[in-house]
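# Report on the structure
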Amino acid sequence: MAEHSPRKLAVILHADVVGSTTLVQKNETLAHERIQESFRRFSKTIESYGGTAHEIRGDALVAGFGRVSDSVCAAIAFQLENSNFNTTLEDDIRPRVRIGIAMGEVVVADNTVTGECVVLAQRLEQIAEPGGVCIQGAAYETVPKRLPFSYETLGEQTLKGFEEPVKAYEITLKAGEAVPAPESVSRSEKLALKTPDKPSIAVLAFTNMSGDPEQEYFSDGLTEDIITALTHWRSFPVIARNSSFAYKDKPVDIIRVGQELQARYLLEGSVRKGADRVRISAQLIDAVSSHHIWAERYDRELADVFEVQDEIVQRITATVTPELVKAEVKRSTSKRPEDLDAWDYWLRGMAQIRERTPAANAKARELFKKAIAIQHDYSDAYAGIARSHNHDASHQSAEYRMETAKQAMNAAREAVKYDGTSSRAHHELSTAYQWLNRHDDALAEVKIAVDLNPNDAVGLHALGNKSDLAGEPDGISFMEKAQRLNPEDAQLHSHLTFLARAYLNAGAHDDAIDRARQAIRRSPEYAPAYYILAIALGRVGRRDEARRELSKCDVLHPGFVESRRNWQPYVNPESNEKLRAGLRQLEI
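Since the structure is predicted, the reported quantities are computational estimates derived from the model, not experimental observations.

Time to look at the overall build of the protein. When helices and strands are tallied, the protein shows 24 helices and 13 strands. Taking the principal axes of the C-alpha coordinates as reference, the protein spans close to 90 × 60 × 50 Å. Across the 588 residues in the protein, those meeting the buried criterion constitute 54%. Each charge sign in the protein was given a centre, from 74 positive and 86 negative side chains, and these centres are 4 Å apart.

Now the structure itself:
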């Protein structure tokens with residue numbers, strides 16, 4: 001797959017809902033539903049005229065066409081249909097749309113179109129009347145005069161962001177006429193503005209705000225290390241250092257830089273050092289909309305400058321990629337089924353995986369298989385199938401668990417075969433081996449996963465958990481580091497529970513109680529946390545309290561305590577005996 005998309009000449013349609021804020025203030029839920037419904041109808045109209053609705057965000061829509069005439073017909077047809085539709089509504093939540101059309105060069109990536117032409121279409125839309133269509137003069141000149149439209153000149157318009165005035169026209173349908181029906185459009189024409197490529201991220205040189213040119217080495221070194229660390233994730237292409245550093249010490253226009261680097265996301269930041277302290281700020285930005293996705297500030301003592309630099313790099317890279325995936329999942333949900341590519345199916349599959357239910361796992365497998373049907377060697381999709389089976393194994397009885405784990409192992413092996421440098425693939429293979437009681441293989445695979453991506457908090461936690469189960473002494477330290485790297489992990493409650501069990505195994509009962517209570521605060525309905533808490537309380541003689549906590553397990557998950565009567569998660573029999581002894585002290 002090509003890493004970048006070339007510039008293309010295209011016709012861009014930009015639309016938004018007039019007075020959307022007022023509509024939302026009247027009835028937020030209904031307004032959002034009506035706005036999205038209007039854009040779904042508009043997208044169908046755009047598709048029928050050979051266009052592609054590239055992006056729907058909030059109250060705006062961006063679409064691309066190969067011909068101006070098709071964009072004009074789609075715009076007028078929708079405005080007429082939308083006007084008629086609004087008259088059928090009994091309330092005043094009636095989205096009215098205004099539309100701008102422009103022609104020029106664009107860059108297309110991950111089904112998002114960017115370029116000066118997109119901005120121009122937006123500016124023209126802003127001067128259109130509610131329910132109206134405004135077109136750039138240069139585009140107007142290409143519309144066949146045989147079409148049944150009237151054009152009223154709006155003169156030379158001074159538009160924000162454009163030095164030269166732009167001639168504009170308002171378009172309406174001639175009285176008594178009908179909008180021409182869509183012509184037959186070939187599949188290749190419809191795909192002209194589409195690309196299945198993954199979006200890229202560029203890391204701009206962090207700004208040295210210390211007032212000391214000699215401190216430049218620190219900010220540059222931090223940036224370079226972040227670039228290197230992000231490449232370990234392999235989920236997104238990372239723009240090379242030489243390209244992103246070209247903007248060092250220059251004013252940055254986010255949209256322009258994103259277009260020039262062909263990067264969907266930008267990470268920028270600043271460094272301020274003074275005496276023995278440093279403050280580092282970082283922010284992740286959508287380079288198309290300029291919206292901030294994530295931001296964080298780090299204040300540190302500079303006892304060891306390289307230790308601080310390593311810590312900040314780890315914290316930033318552990319957070320940025322999961323945030324990018326969440327942003328891409330959200331973007332993918334706005335696409336129509338016929339527009340989905342392998343990347344979209346993977347994103348949607350991962351969204352299902354996070355539900356952690358058998359039904360969602362089954363749906364995820366369907367989506368991952370669709371990704372593989374498009375790209376047969378898609379390692380991440382095979383890893384996704386493996387993860388879905390691994391999640392299923394945690395819900396099943398021992399009788400079915402082994403078969404499910406074998407399916408996970410087979411899928412994970414395919415993932416490793418197609419990309420042996422994927423930490424995700426080795427991680428899932430490790431988990432499958434763990435379910436199959438192949439503990440040495442499980443530990444070996446998870447060590448490979450962490451070597452490939454040392455800043456993945458999930459991988460670090462898995463290494464810590466499996467190290468503890470295997471009897472290796474570093475398990476707790478790996479899990480604690482994972483907590484520090486990503487303290488807002490959605491699965492933190494389960495990770496804290498595993499950590500509590502590790503402290504219990506180490507005889508650190510107070511720490512075990514503390515981590516189990518943290519897990520319960522994060523997820524009060526997670527039965528395993530109460531189970532570990534009860535054992536730890538029993539070990540320190542707080543038996544009445546322990547029994548109360550244990551009773552909650554069966555309330556939350558009927559039969560849970562009985563299902564763990566012969567629980568033996570550890571390789572070392574003595575460690576398993578510690579768990580059973582804690583339960584015996586509760587006289588169950």
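Here we come to the packing of aromatic side chains. A full pass over the atoms with the stated rule returns 7 aromatic pairs. One aromatic cluster is present, built from ring pairs that chain together Tyr140, Tyr151 and Tyr169. A cation over a ring is seen here: Arg41 above Phe85, with NZ or CZ 4.0 Å from the ring centre. Over the ring of Tyr531 we find Arg564, and its NZ or CZ is 5.5 Å from the ring centre.

Take Tyr247: it is sitting in the loop between α8 (241-244) and α9 (254-261). Sequence-wise, Tyr247 and Ala205 are 42 residues apart; in three dimensions their C-alpha atoms are separated by 7.5 Å. When sequence neighbours within four positions are dropped, the list of residues in contact with Tyr247 reads Val252, Arg256, Val257, Glu260 and Leu261.

A separate point is the nonpolar core. The biggest cluster of nonpolar side chains holds 65 residues, and the ones touching the most others in it are Ile201, Ile226, Leu267, Ile316 and Val320. The leading source of residues in this core is helix α10 (residues 305-332), at 9 residues. Beyond its immediate chain neighbours, meaning those up to four positions away, Ile316 contacts Ile226, Leu267, Ala282, Trp294 and Tyr298. Grouped together as the second largest cluster of nonpolar side chains are 37 residues, Leu61, Ala75, Val133 and Leu147 included.

Relative orientation of the contacting elements helix α17 (residues 457-470) and helix α19 (residues 492-505) amounts to 30°, with a least axis distance of 10 Å. Here α17 is positioned roughly parallel relative to α19, judged by the angle of their axes. At the point where α17 passes α19, the crossing takes the left-handed sense. On the side of α17, the interface is formed by His461, Asn465, Asp468 and Leu469, while α19 contributes His495, Phe498, Arg501, Ala502 and Asn505.

Going through the model one piece at a time under the given rule, you end up with 33 salt bridges. Arg515 serves as the salt-bridge partner of Asp514, at 2.7 Å between the closest nitrogen and oxygen. Here Asp514 falls in the partly exposed class, since its relative accessible area comes to 31%. For Arg515, a relative accessible area of 14% corresponds to the buried category. What you see here is one network of salt bridges that share partners, running through Glu37, Arg40, Arg41 and Glu81.

It is worth spelling out helix α24 (residues 573-584) at this point. Here α24 is 12 residues long and its end C-alpha atoms lie 16 Å apart, about the 16 Å a rise of 1.5 Å per residue gives. Turning to α24, its buried residues number three or more, namely Ser575, Asn576, Leu579, Ala581, Gly582 and Leu583. Looking at the buried side of α24, the elements it contacts are α19, α21 (527-539) and α22 (543-556). Between a side-chain oxygen at the N-terminus of α24 and the backbone nitrogen of Glu574 the separation is 2.9 Å; the capping residue is Asn572.

Let's shift gears to the pairing of strand β6 (residues 133-136). Of the two faces of β6, both are covered, the one formed by Val133 and Ile135 as well as the one formed by Cys134 and Gln136. Bridging between β6 and strand β8 (residues 166-173) involves 4 bridges; their strand directions are antiparallel. Counted as the bridge partner of Cys134 is Glu170 from β8.

Non-glycine residue Asp249 carries a positive phi angle of around 65°. Here Asp249 is to be found in the loop between α8 and α9. Even without glycine at this site, Asn437 takes up a positive phi of about 65°. Counting through the fold element by element, Asn437 comes out in the loop between α15 (423-435) and α16 (439-452).

Along the polypeptide, Ser71 turns up in helix α3 (residues 68-87). Judged by its relative accessible area of 0%, Ser71 falls in the buried class. Polar side-chain contacts of Ser71 include one of 2.6 Å to the backbone oxygen of Val68. Once residues within four sequence positions are removed from consideration, Ser71 is found in contact with Val11, Leu13, Phe65 and Ile101.

Do not read the fine detail of predicted coordinates wherever pLDDT is low. Residue-level pLDDT values for the protein average 86, and 93% of them are 70 or greater. Across the protein, element-level confidence peaks in β6 with a mean pLDDT of 96 and bottoms out in helix α6 (residues 187-190) with 38. Under a pLDDT of 50 for its full length, residues 185-196 has, in the predicted model, 29 contacts with residues more than four places off or in other chains.

A few words now on the side chain of Ser244. Summarising the element assignment, Ser244 is placed in helix α8. A residue is classified by how much of its surface remains accessible, and Ser244, at 0% relative accessible area, is buried. In this structure the side chain of Ser244 is engaged in a polar contact, spanning 3.0 Å, whose partner is the backbone oxygen of Val203. The residues touching Ser244, leaving out its near neighbours within four places in the chain, are Val203, Leu204, Ile227, Ile239 and Leu261.

Another aspect to go through is the environment of Lys447. Mapped onto the elements, Lys447 comes out in helix α16. Between the alpha carbons of Lys447 and Trp567 there is a distance of 25 Å; along the sequence they are 120 residues apart. In contact with Lys447, other than residues within four places in its own chain, are Leu463 and Glu472.

Conventions used here
- In this numbering scheme, every chain counts its residues from 1 along its sequence in written order.
- Under the rules for a predicted model, residues below a pLDDT of 70 receive no local features and side-chain atom pairs below 80 are neither given nor counted, while totals for whole chains, interfaces and linings still include all residues.
- Calculation of side-chain values draws on the structure's entire complement of heavy atoms; hydrogens and water are dropped beforehand.
- For helices the rule is a DSSP run of H or I covering at least 4 residues; for strands it is a run of E covering at least 2, with both sets numbered from the N terminus onward.
- To sort residues, take the accessible area from a 1.4 Å probe on protein chains only and compare it with the maximum for the residue type: under 20% means buried, over 50% means exposed, and anything in between is partly exposed.
- Note on charges: Lys and Arg go in the positive column, Asp and Glu in the negative column, and His and the chain ends are not counted at all.
- Charge placement uses NZ in Lys and CZ in Arg. For Asp and Glu, CG and CD serve respectively.
- Two aromatic rings from Phe, Tyr or Trp, using only the six-membered ring of Trp, form a pair when their centres are within 6.5 Å; if the ring planes differ by under 30 degrees the pair is stacked, by over 60 it is edge-to-face, and anything between is tilted.
- Comment: the charge-over-ring label is applied if NZ (Lys) or CZ (Arg) is within 6 Å of the ring centre and within 35 degrees of the ring normal.
- We call two residues in contact when some of their heavy atoms are within 4.5 Å.
- Residues grouped as a nonpolar core are buried Ala, Val, Leu, Ile, Met, Phe, Trp, Tyr and Cys residues, joined through side-chain atoms within 4.5 Å.
- Here an axis means a line fitted to C-alpha atoms, over the contact stretch when the element is a helix, while the angle between two N-to-C directions is reported on a 0 to 180 degree scale.
- For classification purposes, an angle smaller than 35 degrees is called roughly parallel, one larger than 145 roughly antiparallel, one from 65 to 115 roughly perpendicular, and anything else oblique.
- In this scheme, a crossing is called left-handed if the near helix is turned counterclockwise away from the far one by less than a right angle; it is called right-handed if the turn is clockwise.
- The salt bridge criterion pairs a side-chain nitrogen of Lys or Arg with a carboxyl oxygen of Asp or Glu, the two atoms within 4 Å.
- The span one expects for a helix is its residue count, reduced by one, times 1.5 Å.
- Think of a polar contact as two N or O atoms within 3.5 Å of one another; within protein, one of them needs to be a possible hydrogen donor and the other a possible acceptor, and neighboring residues in sequence only count if both atoms come from side chains.
- Only strands that DSSP links by at least two bridges are regarded as paired with each other.
- Confidence of the predictor in every single residue is expressed as pLDDT, which spans 0 to 100.

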